[in-house]
Amino acid sequence: MYYPDLVTVVSDLHSQCSGLMSLLSQVALCEGDHLVFSGDLLDSHLEGSDPLGILNLIRETKERHKNTFIIQGNHEEMFLSWLATGKYGTFQYAGGLRTVTQLCEQLNIQHETLFDPDLNLKLKEALVAADLWCIYKQMIPYYETEKLIVTHAPLD
């Protein structure tokens, strides 16, 4: 089994791109180190949230540092469910409406309302076109070494 030199775990970013930039500037990742994003990349009611910025920063970080892993959190699960079905469910109460609004503005997606029947498909297409869908395709349920298990929430 491979033993990383250092494992850095970052969780619950909730679209706070400036905070992640600050954090990453303080962490010197070496080739053998692992960086783990432990879920809830998006969705925030806080001022200054930047969902497109956080996705771009994570993609760029993953491109520069091959040992970067992304764990699916409950907010990713809700977002992916909405993208697949167009039904908001609890996602709308967990910052999802704001995230969709911001992503549509940032990606120049035209829509009448947040409840347009094909808005989910338009947003997914825009994420693919912006080369950001790779983040969701590469998500894992948990990260594990011989001495460490990282999840977003308890596993059954």
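Owing to the predicted nature of the structure, the values given are computational and were not obtained by experimental measurement.

Caption draft 1: Molecular detail of the pairing of strand β2 (residues 34-38). Within β2, five of the five residues are buried, which leaves the element mostly enclosed by the surrounding structure. Along β2, one buried face is formed by His34, Val36 and Ser38 and the opposite face, lined by Leu35 and Phe37, is buried too. Pairing of strand β1 (residues 7-10) with β2 involves four bridges; the strand directions are parallel. The residue of β2 that forms the bridge with Thr8 is Leu35.

Caption draft 2: Region of interest: the environment of Lys122. The residue Lys122 is located in helix α5 (residues 119-129) in this model. Linking Lys122 and His111, residues eleven residues apart in sequence, is a C-alpha distance of 9.2 Å. Those residues within four positions of Lys122 in sequence are excluded, and the remaining contacts are Ile109 and Gln110.

Caption draft 3: Up close: helix α2 (residues 51-64). Its 14 residues give α2 an end-to-end C-alpha distance of 20 Å, which sits within 8% of 20 Å, the value for a rise of 1.5 Å per residue. Where α2 is concerned, the buried positions are Pro51, Leu52, Gly53, Ile54, Leu55, Leu57, Ile58, Arg59 and Thr61. Looking at the buried positions of α2, the neighbouring elements they touch are α1 (17-25), β2, β3 (68-71), α4 (96-106), α5 and α6 (133-137).

Caption draft 4: Region of the structure containing the pattern of salt bridges. Taken as a whole, this structure holds one salt bridge when the rule is applied. Between Arg59 and Glu63 there is a salt bridge, with the nearest N and O atoms lying 3.5 Å from each other. Here Arg59 pairs with Glu63, and both are found in helix α2, just four residues apart, close to one helical turn.

Caption draft 5: The sheet that holds β2, seen in detail. Spatially, three strands are ordered β1-β2-β3 in an open sheet, and the strand pairing comes out parallel. Every interior strand has two partners, whereas the edge strands, β1 and β3, have only one. Each strand axis lies, on average, 20 degrees off the axis of its neighbour in the sheet, ignoring direction. Summarising the sheet, β2 and β3 pair through four bridges and their orientation is parallel. Residue pairing in the sheet places Leu35 in a bridge with Thr68 of β3.

Caption draft 6: Examining the side chain of Asn120 more closely. With respect to the element layout, Asn120 can be found in helix α5. Classification of Asn120 by relative accessible area gives buried; the value is 4%. Ignoring any residue separated from it by four or fewer positions in sequence, one finds Asn120 in contact with Trp82, Leu83, Ala84, Thr85 and Gly86.

Caption draft 7: Quick peek at unusual backbone geometry. A positive phi angle is found at Asp43, which is not glycine, with a value near 80 degrees. Structurally, Asp43 is set in the loop between β2 and α2. Unusually for a residue other than glycine, Asp131 sits at a positive phi of about 60 degrees. Mapped onto the fold, Asp131 is located in the loop between α5 and α6.

Caption draft 8: Examining α4 more closely. Within α4, burial applies to Gly96, Thr99, Val100, Gln102, Leu103 and Cys104. Its buried side turned inward, α4 meets α2, α3 (74-85) and α5. Two residues or fewer past α4, Asn108 is found with a positive phi of approximately 55 degrees.

Thresholds applied
Along every chain, residues carry numbers that run from 1 in the direction the sequence is written. For a predicted model such as this one, the threshold for reporting local features is a pLDDT of at least 70, and the threshold for listing and counting side-chain atom pairs is 80 or more; totals across whole chains, interfaces and linings nevertheless cover every residue. Side-chain metrics in this entry use all non-hydrogen atoms of the structure; hydrogen atoms and water are not considered. Throughout this description, buried means an accessible area under 20% of the type-specific maximum (1.4 Å probe, protein chains only), exposed means over 50%, and partly exposed covers the range between. Strands are runs of DSSP state E lasting at least two residues, helices are runs of H or I lasting at least four, and both sets are numbered from the N terminus onward. Here, a strand pair is defined by DSSP locating no fewer than two bridges between the strands. We call two residues contacting when some pair of their heavy atoms lies within 4.5 Å. Here, expected helix span is obtained from the residue count minus one, scaled by 1.5 Å. Salt bridges are defined as contacts in which a side-chain nitrogen from Lys or Arg sits within 4 Å of a carboxyl oxygen from Asp or Glu. Lines fitted to C-alpha atoms define the axes, with helix axes restricted to the stretch in contact, and inter-axis angles between N-to-C directions lie between 0 and 180 degrees.

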